[in-house]
Amino acid sequence: MGKVAGLNITVPNGVEGSSQRVVIRGNNVLFGNNQPLYVVDGVPLSDGQMGLKQSDGTGFNVATASYGTPDVGGTQTDWGSRLNFINSEDIEDVNVLKGPTAAAMYGARGANGVVLITTKKGSKKSGFGVEYSFSTRFTKAYLFQDYQDQYGSGGAIGLWTADESKKLPKDANGNYRYPAEAPWSGSGVNDKFTQFGPLPGGKNYWDYFSWPGAGLSWGAKMNGQEIIWWDGQKRPYSPDPNAAKSFFNTGNTTTHNVAFSTGGDLGALRVSLNHSENKSIIPNSGYKQSSINTGSNLNISKKLKAETVVTYTNYSRKNTPSLGDNNSISKFLTYGFPADYTQIERNVYKNADGSKNKFDNSQYPMSYPYSSYSNLWWHTFEENTTLNRDQLIGSLKLNAEVTPWLNLMGRTGIDMSTNKFETKNTPIDAAGYQGSYGLEMNKDYTVSGEFLATAHKNGILPDLDANVSVGTSTWSNKFEGSSANNAGPFANPNLYYLSNTTATVNAGWLPTYYRLESKINSVYGLMNLAYKNYLFLEVTGRNDWSSTLPIKSASYFYPATSLSYAFTEHLKSVQNWLDYGKLRVAYAGSANGTTPYNTTALYNSGTFGGVVTRYLESNLRPINLEPQRSKSVEFGTQLAFLKNRLSLDFTYYRIKSTSQILSAPLALSSGFQNKTFNTGAMQNNGIEFIVRATPVRSRDFEWMLTLNGAHNNNKVLSLSEGIDKYYLGTVFGSRTGAVMYAKVGDQFGTIYGLDYKYLNGQKVVRRLMDNTNTTVVGTQYVTTNDVVPIGNATPWLTGGLGNNFKYKNFSLSFLTDFKLGGDVYSFDYASAMGEGKAPETLVERNGGGLPYTYPDGTKANHGVILDGVFEDGKKNTDVVNYMFKYAGQYAAWSNVDMPRSNAVFENTWVKLRELSLTYDMPAQIAKSSKFLQGMSVSLIGRDLFYFYKTLPDNLNPEGVSGTGNMQGFQWASLPGTRSFGASVRVKL
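The protein chain is annotated in an unreviewed UniProt entry as SusC/RagA family TonB-linked outer membrane protein from Paraflavisolibacter caeni. What UniProt records for the protein chain under Sequence similarities (unreviewed entry) is the sentence "Belongs to the TonB-dependent receptor family."

(A) Structural view of the overall build of the protein chain. Across its full length, the protein chain carries nine helices and 51 strands. Over its C-alpha atoms the protein chain spans a radius of gyration of 31 Å, differing by no more than 12% from the 30 Å that the globule rule assigns to 988 residues. C-alpha atoms of the protein chain, sized along the principal axes, occupy 100 × 75 × 65 Å. Taken across its 988 residues, the protein chain has 53% of its residues classed as buried. Within the protein chain, contacts between residues at least 6 apart in sequence are counted, and of these 70% link residues at least 24 apart. Just so you have it, the protein chain exposes about 41800 Å², and 56% of that area is on carbon and sulfur atoms.

(B) Region of the structure containing the sheet that holds strand S44 (residues 850-853). Spatially, the three strands line up as an open sheet ordered S44-S45-S46, and their pairing is antiparallel. Sheet topology places S44 and strand S46 (880-881) at the edges, where each strand pairs with a single neighbour. One ladder, built from three bridges, connects S44 with strand S45 (residues 859-864); its direction is antiparallel. Residue pairing for S45: Tyr852 is matched across the bridge by Ala860.

(C) Structural view of unusual backbone geometry. Cis peptide bonds are those with omega within 30 degrees of zero, and the linkage from Gly488 to Pro489 qualifies with 0 degrees. Mapped onto the elements of the fold, Pro489 is located in the loop between strand S21 (464-486) and strand S22 (512-531). Residue Asn760 is not a glycine yet carries a positive backbone phi of 55 degrees. Among the secondary structure elements, Asn760 is positioned in the loop between strand S36 (758-759) and strand S37 (762-763). Under the relative-accessibility criterion, Asn760 is labelled exposed at 76%.

(D) How the structure looks around the nonpolar core. Of all hydrophobic cores here, the largest spans 99 residues; its most connected members are Phe247, Phe248 and Tyr825. Considering every element that reaches this core, the biggest residue donor is helix H6 (residues 827-835), with five residues. Apart from residues lying up to four places away in sequence, Phe248 is in contact with Ala141, Phe144, Ile281, Ile282, Ile329, Leu333, Arg346, Leu974 and Pro975. If you look at the next biggest cluster of nonpolar residues, it comprises 11 residues, including Tyr38, Val43, Ile86 and Val115.

(E) A look at helix H3 (residues 329-336). Most of H3 is tucked away, with eight of its eight residues classed as buried. Within H3, the full set of buried residues consists of Ile329, Ser330, Lys331, Phe332, Leu333, Thr334, Tyr335 and Gly336. Residues of H3 that are buried sit in contact with strand S17 (322-323), helix H4 (376-382) and H6.

(F) Broad picture of the pattern of salt bridges. Scanning the model with the defined rule gives 31 salt bridges in all. Ionic pairing is found between Arg913 and Asp817, a salt bridge with its closest N-O pair at 2.8 Å. With Arg913 in strand S48 (residues 909-920) and Asp817 in strand S42 (residues 810-820), the pair connects residues that are 96 residues apart, well separated along the chain. Residue classification places Arg913 among the buried residues on the basis of a relative accessible area of 19%. Among the residues examined, Asp817 registers a relative accessible area of 5% and is labelled buried. The closest approach of N and O atoms between Asp943 and Arg913, which form a salt bridge, is 2.8 Å.

(G) Representation of a positive patch on the surface in the model. On the surface, a cluster of positive charge is contributed by Arg629, Lys631, Arg654 and Lys656. Looking at the positive patch, the elements with two or more residues in it are strand S29 (628-641) and strand S30 (646-665). Along the chain, Lys656 falls in strand S30.

(H) Layout of the side chain of Thr385. Here Thr385 is to be found in strand S18 (residues 383-403). At 2.9 Å, the side chain of Thr385 and the side chain of Thr423 are in polar contact.

(I) Region of interest: the sheet that holds strand S40 (residues 788-792). One open sheet accounts for four strands, arranged S33-S34-S35-S40; its pairing is antiparallel. A single partner strand is all that each edge strand has here, and the edge strands are strand S33 (725-731) and S40. Averaged over all pairs of adjacent strands, the angle between strand axes in this sheet comes to 35 degrees, irrespective of strand direction. Direction of pairing for strand S35 (residues 750-753) relative to S40: antiparallel, over a ladder of four bridges. Paired with Thr750 across the two strands is Asn792, which belongs to S40.

(J) Examining the packing of aromatic side chains more closely. Evaluation of the coordinates by the stated rule reveals 60 aromatic pairs. Between Phe337 and Tyr341 the ring centres are 5.3 Å apart and the planes differ by 45 degrees, which places this aromatic pair in the tilted class. Judged on exposure class, the residue Phe337 and its partner Tyr341 are both buried. A ring pair is formed by Tyr825 and Phe827, whose centres lie 4.5 Å apart and whose planes are at 65 degrees; its orientation type is edge-to-face. In this structure Phe827 comes out as buried when scored by relative accessible area, which is 0%. Positioned above the aromatic ring of Tyr142, the side-chain terminus of Arg978 is 3.9 Å from the ring centre.

(K) Inspection of the environment of Leu951 at higher detail. Mapped onto the elements, Leu951 comes out in the loop between strand S49 (934-949) and strand S50 (969-970). C-alpha separation for the pair Leu951 and Asn907, spaced 44 residues apart in sequence, amounts to 6.0 Å. In contact with Leu951, not counting residues within four places along its chain, are Val824, Phe905, Glu906, Asn907, Asn956, Pro957 and Gln970.

(L) The arrangement of H6 in detail. Most of H6 is tucked away: nine of the nine residues are buried. For H6, the full list of buried residues reads Phe827, Asp828, Tyr829, Ala830, Ser831, Ala832, Met833, Gly834 and Glu835. Just downstream of H6 lies Gly836, where phi reads positive at about 80 degrees.

(M) Geometry of a nonpolar patch on the surface. Together, Tyr807, Phe810, Leu812, Leu915, Leu917, Tyr919 and Leu939 make up an exposed nonpolar region whose accessible area comes to about 600 Å². Among the elements that make up the nonpolar patch, the one with the highest residue count is S48 (three residues). Topologically, Phe810 is positioned in strand S42. You can call Phe810 partly exposed: its relative accessible area is 43%.

What counts, and where the lines are drawn
Within any chain, residue numbers begin from 1 and follow the written order of that chain's sequence. Where local features are concerned, this predicted model is filtered to residues with pLDDT of at least 70; where side-chain atom pairs are given and counted, the filter is 80 or more; whole-chain, interface and lining totals use all residues. Calculated side-chain values reflect all of the structure's heavy atoms, with hydrogen atoms and water omitted. UniProt positions are given in the numbering used here, feature names are shortened, and annotations may be inferred rather than shown by experiment. Secondary structure elements are taken from DSSP: a helix is a run of H or I of four residues or more, a strand is a run of E of two residues or more, and numbering for both begins at the N terminus. Radius of gyration here uses only the C-alpha atoms, and the compact-globule reference equals 2.2 Å multiplied by the residue count raised to the power 0.38. For the exposure calls, accessible area comes from a 1.4 Å probe over protein chains only, and a residue counts as buried if that area is under 20% of its type's maximum, exposed if over 50%, partly exposed in between. Whether two residues are in contact is decided by their heavy atoms, any of which lying within 4.5 Å being enough. Each accessible area value is a Shrake-Rupley result obtained with a 1.4 Å probe; residue values ignore everything except the protein chains displayed when judging cover. A pair of strands is considered paired only if DSSP assigns at least 2 bridges between the two. Definition of nonpolar core: a set of buried residues of the types Ala, Val, Leu, Ile, Met, Phe, Trp, Tyr and Cys, connected through side-chain atoms within 4.5 Å. Any Lys or Arg side-chain nitrogen located within 4 Å of an Asp or Glu carboxyl oxygen qualifies as a salt bridge. In this scheme, patches are assembled from residues that exceed 30% relative accessible area and form no salt bridge. Like charges are connected within 9 Å, while nonpolar side chains (Val, Leu, Ile, Met, Phe, Trp, Tyr) are connected within 5 Å. This count recognises Lys and Arg as positive and Asp and Glu as negative, with His and chain-terminal groups excluded. Charged groups are reduced to one reference atom each: NZ for lysine, CZ for arginine, CG for aspartic acid, CD for glutamic acid. Here a polar contact is recorded for every N or O atom pair within 3.5 Å, except that within protein the pair must consist of a potential hydrogen donor and a potential acceptor, and residues adjacent in sequence are included only if both atoms are side-chain atoms. All axes here are fitted lines through C-alpha atoms, helices being fitted over the stretch that makes contact, and every angle between N-to-C directions spans 0 to 180 degrees. Two rings belonging to Phe, Tyr or Trp (six-membered ring only in the last case) form a pair when the distance between their centres is within 6.5 Å. Interplanar angles under 30 degrees mark stacking, angles over 60 mark edge-to-face geometry, and anything in between is tilted. Geometrically, a charge over a ring is one whose NZ (Lys) or CZ (Arg) sits within 6 Å of the ring centre while staying within 35 degrees of the ring normal.

Spelled out as structure tokens, the structure:
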């Protein structure tokens, strides 16, 4: 984001090795993939499917070959994406193609933009031609959400008494003890000392405040008093400042790379070997990656040249972090982590005999207070999933200069990878039988070919140069795999294989098989005309045939054209104040298909009474499926001043996408659950700019800076007849949670949720009555009847500022990223407010409220008046307990209608993304050593800190959920990280 205008990159979970969401110029499709095509040395890569184990918030289901509406409040396990398996040391250059250029050159798969990666090919080097580099970085979690550290575990008790001596339960000996989770926990204490216990008036906690997590912190003040903890040990009741940090390690990534390069009259060759090892900030997680790359150019004859590139990569990873489920560290810190938590479980999750500590009442009679998370540490260390991936990318290119005016080029490429996921869940019993095992294997195989003939002639007419090309290409992909599980118990102890079980095997044990196949054939033509080197015209036409569309619509044509005018080459009079000036205008059409198997209805199979059955799928397919199409227009200019020390590149674009392939629910009476339709439309428009400047340039010192920015606006123009909205995703349901959907006339990225109900500009309040309906026990805000727009995730401006300073042999560079505007709904904040963990919840508890009398007669300044009016317009003057201000209107998951607009925040931030200091050894010193050709040493820091951020309570501004089209939600995000490291590069 900080280096290329209009390119937005997010890494949702912040852990190295995870997927990236990369979007160029906004979203072009409502449903499906908006990420760009990656092309390495001319080879278009596959989409990089990983299999059933991959759950990254996109909603794509490999088994059904379809996209669904994701609920990112559930489990996410992210095993990475294509970019993770490319060795950065092999990269020579990266170019980003946008808009008309991408569509014209790469057709359907380039409709969302193209990232072109060119690898190093080798050249003649002095000395041995050997280059070695070493780097190491240490990563620490540092940006933890702010929690109060004064009041501990408790829920219902916060409404019963102001007397701190009565807020902790006592054991039979009169000793204070730790509170319990729920009335049914078997803890042996009065129910009001349990978090979900009864409330004054006879109602249950969940009747007013929903079902919170185990992190409720409305309990006693932590004054260091001795209490008996849930494990039976006495400890001071004091906050642990390192409690959250105790869940994380210091991560480390170390990389070695050695490359050999040579060249001569016959060509050039480069061979590189790379090995990286990563230890994650998440315990018992990390990866190893080794690769070998060869790149060569061969001069077969004066007219025929060949270029080959082959890269083999082996990647192994252990235990990507779970996000959003009860085995997730991040969810526990958000939802189950009270303010008085101290780390005990990490050291006792396993019994002395190797069996699992179940944290049940047989071992802890006082009851374990975080029962939903009793498997957390066993899962972290004993339920291990490993990924082993082998990848081969290769290309062969032949280039023939047949005549001085005719060039022929042929290229073929392969992108093949295999993934093996193996899950070994350690038996929970000491004998080694109660374990489980899973195995998933898949293969991703992509083959591409291209032929291009180019005729070029300078001066074909006076002052006119021409270049005409015609070509054809083919791309095919097959991704298939299967997954099977052995749920145990094992027949042979502590052995992991699928048939090792004594269980009665049924149909649920059968392997799951999946397959995706698609192919695109293309023909295209390009014409470039240049008049007097200042007027340039390019025209292209392309026709694709896609296997994912019906035969009658599988063929589709789209044109593109661009015109540019370098007016400084034409109008010489402006050159005394303008070094370079160009105006450009472009138009392009593009089209693409869809996911495989959308052209006809599919049969599924099952069993009933031991008999195999066949039945139609639940999705109603369209009769006449058409390609999704886009038309884009852009205008731009390039200007350079002051002897090219100041330049500006500015672009305005507009993209209209039609015939969107979407899916929406149907009435069950129709016999189907969903309907796929082909009529949606949306529009993107925006601007991009890049400013480059060299403010200072002297013999020993130079300062260069680059500023880029982009603004994009997405609007939904139409859906299908009878369908007014299309769901992109939800978090905890589409009513009491928060949701994002596309609605005609609304901006893409709009966040919907329940809001406050207003009467004449005042919030409406209602009274909460006891079980007899005679006594007021509290007040609560009334919400809207249905969800309404409460925010929009689309930022107003994104970009970056890069500075590079060079002084003799030293260089200092730093990159600052920024995101201005764009909202986020933070479930992490809502959870902390509802559970009493947010610092904001201390005001009234520390005596900053109104006088209030508790049911036991104790008094304190703990009261609040919810600002608003009743339904009849009368001003609310009821003084109620402070919990109705916080727990009564904030929650993560909720079964009670609560306003969601109170946890929507503008998510503006400015961040120091990277800082590096490099020293290059002077050439004469290096060569005087007789074996060194060069050497450099660098100190590097990444993601160092935020100069500015608008989110409250130290929330992670980049902790968004998932890599799908639904952005702008924050749930169970990991803390922000930063890293420091060093690198050495030696040339021999």
